[in-house]
Amino acid sequence: LNPSVVATADKLSDQVDKLKANIASDKSNAEDIQNKADSELKDGSSRIKAAKHEIAVAKSNVSKAQDMQREAELQLQKAKAMMEAAAMHTKHAKANTEKGHAEISEAKSSSKKADGIFDSVAEDKKRSRDMQAEEVDALYDEVNYLKGISDDDKEAADAASKTARGKMDAAESKMEKASKVIDIAKKNISHAKDMLEKAKKDIDHAKEMEQSSTRESKLASANKAQGYKQLDAGKEAAAKAEAAQREVDKDLAEVADIEEKALGASASHRTCVDMPGVRLQEVGKASDFAPIAAKKDVSSAEKCRAWCAEHEDCMQMSFSSGNQGCYLFAKATTQVSEWHDEYNSSFCGDKKQKTHLMKMLKEVYAQKPTIPPVVECSWAGDDCANTKCCNDVACTWDFKTCKTYSCYQNEGSAQCMETAGWNKGTVIGGARAVREVAASKGVTRQGTSLFCFMVVNWKGAEGAIANNIKEKKLSIYQCDAHTILSGWETPKTPWSSFINADAFVKLWQQLQQDKLYLQHDWTAKVDADTVFFPSVLKMHLAALNTPQGSRVYVKNSDYKYQFMGALEVLTREAVELYFEKGGQCAGKLIKAHAKAGEDFYMKSCLDAIGVDSQEDFKLLRDASCGDDCGGSKGPCSDGWLAAYHFYRDVDAWNTCHAEALKAQAAAPKPDSSGSGVEEAKIPMVESKGAAKARGLLKEAERLKAKAGPDAAAAKDMNESAWKKIHAAHAKVHTARQQMSEAKASMSDARDLEHTAAQKISDANALSDASK
């Protein structure tokens, strides 16, 4: 280990010891803080007693206020009695007043009777009247005075009562506040006790953490020491393994040197003939021709061919630039599997065999198909002076009869127009020549791998049939690859044909993006209501003997334009040409034939862009054409038919499928004899170079076998040494983690002690607040 790592671990151990001392000091401080908290709790109890005394004084004041209220009520009662007496005086005064009025009335009457008698009597009467009036006024004054006294006493009583109530309310408010203060103080004291108890527990936990940190630190130190020992042992073992490996490498270098001489000896007397663009068939399994000790590099066609030339038993090589694959064989064949620029094949043998190898090369290239070039023709309205051929056709409403266009020249210009009986100019060309590819013998044939697709309108009756096919894995599910595209409802013509050309143009574009078709020889478009057998279709395709690489579609029915949409079959190369040039068809054909179905559109477009055709009218029975093509519905009993159309009910579809399977089982099978790969017969020769090479290889193998145990032992030693080194590093790493965890644990302990001190401080503050 790095000495700096050890020094760092020692420093961490010293820091752990310092942390222990700090924890002990913090523990003492915590105990002091706890004692201070206990003292402050006692002061809090004293303050609570003082609060209780104030409550007692408040209760005494309330009692005095109650006495004052009782006194005020007595005064009120006296005031009421005085008011009652005043009322009696008022009543008496009223009676005297009435009596005085009566006497005045009587005196007036006597005065009238004794008119003018005795002036002294009149004066007495007057005096008596004045006295009585004064008496009445005095009585009124007394009544008013008594009323005033009564009102003043009542107001005084009310004021005293109000004052008493105020004092009583204030006393009760003080009692309530004091009670709340006591409750809060009790809660705070209880909380302070809880905080102190929690602080004690935290301190205990801090002690446990300190002890755990100490144990972890000791364990880390032990692991560190043990890790160093293991590391030293591992290094020592690795050194021994390296020494052993050096000895083995010397032996293997000698083996490699001998092997290189052997490969050179083989290459000196062997030769290869190169065949660019060819992938040969495979005779038996490919051989690795693995090296003994030399380095093998077959990353290019040249290097792959050189490796084959350097090995006596290698007769054939094939290289694919697509996957950088080098395939070597101990047997050879002249049969070609595929022609493509990404392939390169070679025959290898003794230089004395070169003449025969060249003969085999000629046999290979004799199989190369001749694919005619694409012919360019013109569309209606375009200048056809150079092409002298036309793409368009004019058809009847039901597309049963179609007439071609011709190239008419008038005054130096030429255009494609519908062929007519009247003169439109000089005819310098006619319709595109439809080329049917003839079955070829002796050339490489198109394979029979199938990519199939189906377009399904899931909302219609097709959805149920497609689900039935999917569930039972029939129809396109038995092709080499397949896909299902989602379609939609399209308009119909008056004769119940779908106007769906534009929709299928977009669906074919999806296939172009997926590129799955490129991995297979043929592409088949199959309708969901078609009972379809891929295995039978493959037999038909094999029987066509289509030259490999041909741009071909298959005419499947002797009806109308001979291309029914229930089963459309095209070679990979035809599909590629459609994707390359088919875009021009959409703007021309759909406009000219707005009510055409996709099958008419597809066939017309393939013809227009230069795709050739082959004919197989036993491929499909289509009830759409009825008696016109012998396609009326009946038992599905022809074992050679690849498809039956149309069955738009699940039960009917399943019944037809079952009947066809029985018919296929009873039908004779095509002759497949001679279809296997034939091995090429190469005259055997022996040379001194071959003998020398074989002898050197044998010696190299012997030396490698001899070095084998030492190499195995060196490998085991090396693996064991590195296991020890890895284990030592793991041990040291664990020690580092333990030291880091111990440090973190110490830090946590200090944090916990600090938190406990803060809790005690909070408890003290709470107690102060309670006071």
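Residues numbered from 1 in each chain as written. Predicted model: local features only at pLDDT ≥ 70, side-chain atom pairs only at ≥ 80, totals over all residues. Heavy atoms only, no water.

### Topic: the nonpolar core
Argument step 1. Core analysis: the largest hydrophobic core is formed by 40 residues, its most contacted members being Phe532, Leu537, Val569 and Tyr644.
Argument step 2. If you list the elements that add at least two residues to this core, you get strand E10 (450-456), helix H5 (461-472), strand E12 (522-526), strand E13 (530-532), helix H7 (534-544), strand E15 (567-571), strand E18 (643-645) and helix H11 (650-666).
Argument step 3. Setting aside its immediate chain neighbours within four residues, leucine 537 contacts Leu450, Ala524, Phe532, Val569, Leu619 and Ala642.
Argument step 4. Counting residues in each nonpolar core, the second largest holds 33 residues, with Phe504, Leu511, Leu606 and Val611 among its members. (Core = buried A, V, L, I, M, F, W, Y, C linked by side-chain atoms within 4.5 Å. Buried < 20%, exposed > 50% of the residue type's maximum accessible area, 1.4 Å probe, protein only. Helix = DSSP H or I, 4+ residues; strand = E, 2+ residues; numbered from the N terminus. Contact = heavy atoms within 4.5 Å.)

### Some details on the pairing of strand E1 (residues 270-280)
Argument step 1. Within E1, 8 of the 11 residues are buried, which leaves the element mostly enclosed by the surrounding structure.
Argument step 2. Across 10 bridges, the pairing between E1 and strand E4 (residues 336-350) is antiparallel. Along E4, the bridge assignment pairs arginine 279 with glutamate 338. (Pairing = 2+ DSSP bridges.)

### Describing H5
Argument step 1. Taking 1.5 Å per residue as the helical rise, H5 with its 12 residues ought to reach 16 Å, and the 17 Å between its terminal C-alpha atoms agrees with that figure.
Argument step 2. Taken residue by residue, H5 has Gly463, Ile465, Ala466, Asn468 and Ile469 as its buried positions.
Argument step 3. The inward-facing, buried residues of H5 abut E10 and H11.
Argument step 4. A positive phi of about 55° marks lysine 473, the residue just after H5. (Expected span 1.5 Å × (residues − 1).)

### Topic: the state of the cysteines
Argument step 1. Under the defined criterion, the tally for this structure stands at 10 disulfides.
Argument step 2. Between the sulfur atoms of cysteine 395 and its disulfide partner cysteine 402 the distance amounts to 2.0 Å. Because the torsion about its S-S bond is 110°, the bridge between cysteine 395 and cysteine 402 counts as right-handed.
Argument step 3. Taking relative accessible area as the criterion, cysteine 395 reaches 24% and is therefore assigned partly exposed.
Argument step 4. Residue cysteine 636 pairs covalently with cysteine 656 via a disulfide, S to S 2.0 Å. Every disulfide takes its handedness from the sign of the S-S torsion; for cysteine 636 and cysteine 656 that torsion is -110°, giving left-handed. Separated by 20 residues along the polypeptide, cysteine 636 in the loop between strand E17 (620-622) and E18 and cysteine 656 in helix H11 bring together distant segments of the chain. Each of the two residues, cysteine 636 as well as cysteine 656, counts as buried. (Disulfide = S-S within 2.5 Å.)

### Regarding the sheet that holds E17
Backbone-to-backbone hydrogen bonds pair the strands of a sheet. The strands run either parallel or antiparallel.
Argument step 1. Read from one edge to the other, the open sheet built from 3 strands follows the order E13-E18-E17, with strand pairing classed as mixed. Of all the strands in the sheet, just E13 and E17 have a single pairing partner and so form its edges. Taking the axes of each pair of neighbouring strands and ignoring which way they run, one obtains an average angle of 10° across the sheet.
Argument step 2. With 3 bridges connecting them, E17 and E18 associate as parallel partners. Bridging across to E18, leucine 620 finds its partner in alanine 643.
Argument step 3. Sheet contacts for H11: E13 and E18; angle to E13, the most-contacted strand, approximately 30°. (Axes fitted to C-alpha atoms, helices over the stretch in contact; angles between N-to-C directions.)

### Examining the pairing of strand E14 (residues 552-555)
Argument step 1. Burial of E14 is two-sided: the residues Val552 and Val554 facing one way and the residues Tyr553 and Lys555 facing the other way are all buried.
Argument step 2. Pairing of E14 with strand E16 (residues 612-615) involves 4 bridges; the strand directions are parallel. The residue bridging lysine 555 from the neighbouring strand is glutamate 615, located in E16.

### Considering the environment of isoleucine 292
Argument step 1. Within the secondary structure layout, isoleucine 292 lies in the loop between E1 and helix H3 (301-309).
Argument step 2. Owing to a relative accessible area of 14%, isoleucine 292 belongs among the buried residues under this scheme.
Argument step 3. Separated by 40 residues in sequence, isoleucine 292 and leucine 252 place their C-alpha atoms 9.1 Å apart.
Argument step 4. Non-local contacts of isoleucine 292, meaning those with residues more than four positions away in its chain, are made with Val255, Glu259, Leu697, Ala700, Glu701 and Lys704.

### Quick look at the packing of H5 against H11
Argument step 1. Following both chains from N to C, one finds H5 and H11 inclined at 45°, their axes separated by 9 Å at the closest point. When the axes of H5 and H11 are compared, the pair comes out oblique. Between H5 and H11 the crossing geometry is right-handed. On H11, the residues touching Ala464, Ile465, Asn468, Ile469 and Lys472 of H5 are Val650, Trp653 and Asn654. (Parallel < 35°, antiparallel > 145°, perpendicular 65-115°, else oblique. Left-handed = near helix turned anticlockwise from the far one by under 90°.)

### Concerning the side chain of serine 475
Argument step 1. Position of serine 475 relative to the elements: it lies in the loop between H5 and strand E11 (481-486).
Argument step 2. With a relative accessible area of 0%, serine 475 lands in the buried category.
Argument step 3. The contacts of serine 475, once residues within four sequence positions are left out, are Met454, Ile469, Val526, Thr530, Phe532, Pro534 and Trp653.

### Some words on the packing of aromatic side chains
Argument step 1. Under the definition given, this model contains 8 aromatic pairs.
Argument step 2. Here phenylalanine 453 and tryptophan 508 contribute two aromatic rings whose centre-to-centre distance is 5.1 Å and whose plane-to-plane angle is 80°, an arrangement assigned as edge-to-face. Of the two residues, phenylalanine 453 sits in strand E10 while tryptophan 508 sits in helix H6 (residues 501-514), which places them 55 residues apart along the sequence. By the burial criterion, phenylalanine 453 is buried, and tryptophan 508 matches it.
Argument step 3. In this structure an aromatic cluster arises from ring pairing among Phe451, Phe453, Trp508, Tyr517, Tyr578 and Phe579.
Argument step 4. Positioned above the aromatic ring of tyrosine 343 is the side chain of arginine 279, whose terminal nitrogen or guanidinium carbon lies 5.4 Å from the ring centre. (Phe/Tyr/Trp six-rings, centres within 6.5 Å; stacked < 30°, edge-to-face > 60°. Lys NZ or Arg CZ within 6 Å of the ring centre and 35° of its normal.)

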